[in-house]
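Per-entry structural report
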Amino acid sequence: MDTRIPFPIYVPFIDDLGAEFLGMGNGEATIALTLEARHMNSWQVTHGGVTMALLVMVMSLAGRSLDPDSRGGVTVEMKTSFLQPGGAPGCRIIAKGKAFHKSITLCFCEGELWVGDKLAAKSSGTFMFSKRLDIAAKLK
C-alpha cells in the first residue's frame, strides 16, 4: 500500500519516479526520493535527469504555494549546477525549493538537492502559472 502524501497536482512522470511530497507553503516546498537502480546513470550515481526533474518540480511547488488559485505551471527557464554525485541506490535525496520573487506573471525560484548533509546540485528557475489545465488540448 502506498502511504505517500499525494502531490497537490498529479504529474505522471514525477509519480513514476517515485518522488515523495513532504510539504509546501509560504513560498517553500520539499520533496524526496529514495533512489533505486533505475534512477542511476552508467557510473551508478543519480542520473542528471532525475536530479533536474526533482529540482524543477520542487521549485514549481514553491512558486505555486504563493498562488493558491494556480492550477498548473510552465517552466520558462532553468539552470542547474551539479556540484557532486547525487547519490547511489538506497540513498534518500531531498529537494528543497524556495520562491524568492513573484511578479504578476512570473515567479523566480531556487532549488537545492541534498544527499544527507551534502549539497549535490543547485538550481534556479523562472515559472509562469496558469489558472487552467487545458493547455494540452490546445496542441491538438
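Quantities reported herein were computed from a predicted structural model and do not represent experimental measurements. (Residues numbered from 1 in each chain as written. Predicted model: local features only at pLDDT ≥ 70, side-chain atom pairs only at ≥ 80, totals over all residues. Heavy atoms only, no water.)

Concerning the overall build of the protein chain
- A count of helical and extended segments in the protein chain gives three helices and six strands.
- Secondary structure of the protein chain in N-to-C order comes out as α-β-β-α-β-β-β-β-α.
- Scaling as 2.2 N^0.38, a compact globule of 140 residues should have a C-alpha radius of gyration of about 14 Å, and the protein chain matches this with 15 Å.
- Reported as C-alpha extents along the three principal axes, the dimensions of the protein chain are approximately 40 × 30 × 30 Å.
- The buried share among the 140 residues of the protein chain stands at 37%.
- Across the protein chain, contacts joining residues at least 24 apart in sequence account for 63% of those joining residues at least 6 apart.
- Accessible surface, the protein chain as shown: approximately 8000 Å² in total, 59% of it carbon and sulfur.
- Charge centroids of the protein chain, computed over 15 positive and 13 negative side chains, lie 4 Å from each other. (Helix = DSSP H or I, 4+ residues; strand = E, 2+ residues; numbered from the N terminus. Rg over C-alpha atoms; globule rule 2.2 N^0.38 Å. Buried < 20%, exposed > 50% of the residue type's maximum accessible area, 1.4 Å probe, protein only. Contact = heavy atoms within 4.5 Å. Areas by Shrake-Rupley, 256 points an atom, 1.4 Å probe, with all protein chains shown as cover. Lys, Arg positive; Asp, Glu negative; His and termini not counted. Charge placed at Lys NZ, Arg CZ, Asp CG, Glu CD.)

Section: the pattern of salt bridges
- The final tally for this structure, using the stated rule, is three salt bridges.
- Across the pair arginine 38 and glutamate 36 runs a salt bridge, and its minimum N-O distance is 3.0 Å.
- Here arginine 38 falls in the partly exposed class, since its relative accessible area comes to 48%. (Salt bridge = Lys/Arg side-chain N within 4 Å of Asp/Glu carboxyl O.)

Some words on the packing of aromatic side chains
- Taken as a whole and assessed by the stated rule, the structure comprises two aromatic pairs.
- Measuring from centroid to centroid gives 5.5 Å for phenylalanine 7 and phenylalanine 21, while their planes differ by 55°, and the two rings are tilted. Residue phenylalanine 7 is located in the segment before helix H1 (12-17), and its partner phenylalanine 21 is located in strand E1 (residues 20-25); the two are separated by 14 residues in the primary sequence. Side by side, phenylalanine 7 and phenylalanine 21 carry an identical accessibility label, which is buried. (Phe/Tyr/Trp six-rings, centres within 6.5 Å; stacked < 30°, edge-to-face > 60°.)

Thoughts on the pairing of E1
- Pairing geometry for E1 and strand E2 (residues 28-34), over five bridges, is antiparallel. Note that in E2 the partner of glycine 25 across the bridge is glutamate 28.
- Two successive antiparallel strands, E1 and E2, enclose a turn made up of two residues, where asparagine 26 displays a positive phi of approximately 55°. (Pairing = 2+ DSSP bridges.)

As far as function goes, none of this settles anything; it's purely spatial.
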